[in-house]
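An overview of the molecular structure
Chain by chain, the residues:
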Amino acid sequence: NDGIFSHTSDEYNLQIKLLTDKFDCVITNPPYINSAYMNDDLKEFVSKNYPNTKSDLFAAFMERVPELTKENGYMGFVTPFVWMFIKSHEWLREYMLKNTTITNLVQLEYNAFGPAVVPVCSFTLKKGFFENEEGKYIKLSEFRGVENQPIKTLEAINGCVSYLFNIKQSEFLKIPAKPIIYWFSNKIINGFQNDLFNNVPIYTGMATSDNGKFLRFWQEVVFSQIKFNSKSVQDTFGEIKWFPYNKGGSVRKWYGNLDYLVNFQNDGYEIKEEVNRKYPYLKGNTGFYIRYQEHYFKKGLTWSAITSSSFTTRIHPEYSIFSNAGFVAIPS
């Protein structure tokens, strides 16, 4: 019995040491679990100790790991990439941007792990904020399939490709809500410093999950099946199936790039069904794809999310829905 007790005590002391020491390098693929699915003990612990990141256990790990890391030490993560963009993780983004430095990040395509269709990224951080250090970002979202992920990553590491981006993370602090939009040009990011973007809320819209299924060009749809006077999502209920859709597009001033229609009949019922079918781990939370519905069909200014040319804005008509490829500024 003494031997068993001693062995258990040694293991216990080792765990204490691992959780209280600081390390040169910490690597983790933390558990992903929304607070709604935590048991009572875990929910109480996370709420008490990590109130700013309690919404998901992976986020609490992202707050905790820098505390375990020595100054100038390195951290490696594989996590869902939702922390980079959505409003509920704004505190976490600011914390990471001010206390660590992103050295490398790979945003993987949803099918990067074969049968497990998950929106994840892999990234490394350096403990401490190094203002002049550029991070390297690889965007693999256009390369479908598990077999393409390592191939395209190595191509980006070894050469100059369009999906490799270098940017100082201090640039993200200039953007409202501080999203990790690493593919934005410096001109666009600096535009957020003017009075317009400091005073007018900015939104990113819907991703359909299958553009080939849910989008059409205007000339492909019978005119009587297009609705032009919607003022809110409530106006989508009925027999009309197609609605104007602002999907970004090439550089153009003042007006235009209104080439698409989206099937958003009955509050986007078919799109939401597709999202739930493809991504069951979202547990019915389609808001990750269909964002800011309360601002659909409102007038504002829009611009394309990605451009290699100058920053230009144009009118976003009040009868339109906006996509994740066309950001919209809508006055309150």
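For the structure, check the block above.
From a predicted model like this one, the values you see are computed outputs, not experimental measurements. (Residues numbered from 1 in each chain as written. Predicted model: local features only at pLDDT ≥ 70, side-chain atom pairs only at ≥ 80, totals over all residues. Heavy atoms only, no water.)

Our focus in this paragraph is the nonpolar core. Membership of the largest hydrophobic core comes to 55 residues, with the highest contact counts inside it found for Trp-83, Tyr-182 and Phe-264. It is helix 3 (residues 57–68) that provides the largest number of residues to this core, a total of five residues. Not counting chain neighbours up to four residues away, the residues in contact with Trp-83 comprise Phe-58, Met-62, His-89, Leu-92, Arg-93, Ile-102, Leu-105, Cys-121, Phe-123 and Ile-180. Membership of the second largest hydrophobic core comes to nine residues, among which are Leu-108, Ala-112, Ala-156 and Tyr-163. (Core = buried A, V, L, I, M, F, W, Y, C linked by side-chain atoms within 4.5 Å. Buried < 20%, exposed > 50% of the residue type's maximum accessible area, 1.4 Å probe, protein only. Helix = DSSP H or I, 4+ residues; strand = E, 2+ residues; numbered from the N terminus. Contact = heavy atoms within 4.5 Å.)

This part covers helix 5 (residues 148–158). Every buried residue of helix 5 is listed here: Gln-149, Lys-152, Thr-153 and Ala-156. Axial view of helix 5: buried residues confined to an arc of 105 degrees, hence all on one face. Considering only its buried residues, helix 5 is in contact with strand 3 (100–107), strand 5 (134–139) and strand 6 (164–168). (Arc of directions from axis to C-beta.)

Turning our attention to the sheet that holds strand 3. Across the sheet, six strands lie side by side as 1-2-4-3-5-6; this open sheet has mixed pairing. The sheet terminates laterally at strand 1 (23–28) and strand 6, the two strands that pair on one side only. Recorded for the sheet is a direction-independent mean angle of 15 degrees between the axes of neighbouring strands. Here strand 3 runs beside strand 5; their pairing, made up of four bridges, is parallel. Note that in strand 5 the partner of Val-106 across the bridge is Ile-138. Where helix 3 meets the sheet, it contacts strand 1, strand 2 (69–80), strand 3 and strand 4 (120–127), and its direction lies at approximately 165 degrees from that of strand 2. Each of strand 3 and strand 4 touches helix 4 (residues 90–99); the most contacted strand, strand 3, lies at about 120 degrees to it. (Pairing = 2+ DSSP bridges. Axes fitted to C-alpha atoms, helices over the stretch in contact; angles between N-to-C directions.)

The next subject is helix 3. Helix length check: helix 3, at 12 residues, gives a terminal C-alpha distance of 17 Å against a target of 16 Å (1.5 Å per residue), a fit within 8%. Of all 12 residues in helix 3, nine are buried, a share of seventy percent or more. Buried within helix 3 are the following residues: Leu-57, Phe-58, Ala-59, Ala-60, Met-62, Glu-63, Val-65, Pro-66 and Leu-68. Capping the start of helix 3 is the job of one residue whose side-chain oxygen sits 3.1 Å from the backbone nitrogen of Phe-58: Asp-56. (Expected span 1.5 Å × (residues − 1). Polar contact = N/O pair within 3.5 Å; in protein donor to acceptor, adjacent residues only side chain to side chain.)

Our focus in this paragraph is the pattern of salt bridges. For the structure shown, the criterion picks out nine salt bridges. A salt bridge links Glu-67 to Arg-64; its shortest N-O distance comes to 2.9 Å. You can see Glu-67 and its partner Arg-64 sitting in helix 3, three residues apart, about one turn around the helix. A salt bridge links Glu-109 to Arg-144, with the shortest nitrogen-to-oxygen separation between them at 3.9 Å. Of this pair, Glu-109 sits in the loop between strand 3 and strand 4 while Arg-144 sits in the loop between strand 5 and helix 5; the two residues are 35 residues apart in sequence, bridging distant segments of the chain. When its relative accessible area of 58% is taken as the criterion, Arg-144 is described as exposed. (Salt bridge = Lys/Arg side-chain N within 4 Å of Asp/Glu carboxyl O.)

The next subject is the packing of helix 3 against helix 4. Contact geometry of helix 3 with helix 4 gives a least axis separation of 10 Å together with a crossing angle of 20 degrees. The angle between helix 3 and helix 4 places the two elements in the roughly parallel class. Remark: the crossing between helix 3 and helix 4 carries left-handed chirality. Together, Ala-59, Met-62, Glu-63, Pro-66 and Glu-67 of helix 3 and Trp-91, Leu-92, Tyr-95 and Met-96 of helix 4 make up the contact between the two elements. Taken together, the residues of the contact of helix 3 with helix 4 break down into seven nonpolar, no polar and two charged. (Parallel < 35°, antiparallel > 145°, perpendicular 65-115°, else oblique. Left-handed = near helix turned anticlockwise from the far one by under 90°. Nonpolar A, V, L, I, M, F, W, Y, C, P; charged D, E, K, R; others polar.)

Moving on, we come to the environment of Asn-72. Relative to the elements of secondary structure, Asn-72 occurs in strand 2. Discounting chain neighbours no more than four positions away, the residues touching Asn-72 are Lys-126, Lys-127 and Phe-130.

The phi dihedral of Asn-72 is positive, around 75 degrees, even though this residue is not glycine. One non-glycine residue with positive phi stands out, namely Lys-178, at about 55 degrees. Inspection of the secondary structure assignment puts Lys-178 in the loop between strand 6 and helix 6 (186–191). A relative accessible area of 15% means that Lys-178 is categorised as buried.

According to the stated counting rule, one finds 18 aromatic pairs in the structure shown. Pairing Trp-83 with Phe-123 gives two aromatic rings, centres 5.3 Å apart and planes at 45 degrees, and the pair type is tilted. Of this pair, Trp-83 sits in the loop between strand 2 and helix 4 while Phe-123 sits in strand 4, placing them 40 residues apart in sequence. Taking relative accessible area as the criterion, Trp-83 reaches 1% and is therefore assigned buried. Judged by its relative accessible area of 2%, Phe-123 is buried. (Phe/Tyr/Trp six-rings, centres within 6.5 Å; stacked < 30°, edge-to-face > 60°.)

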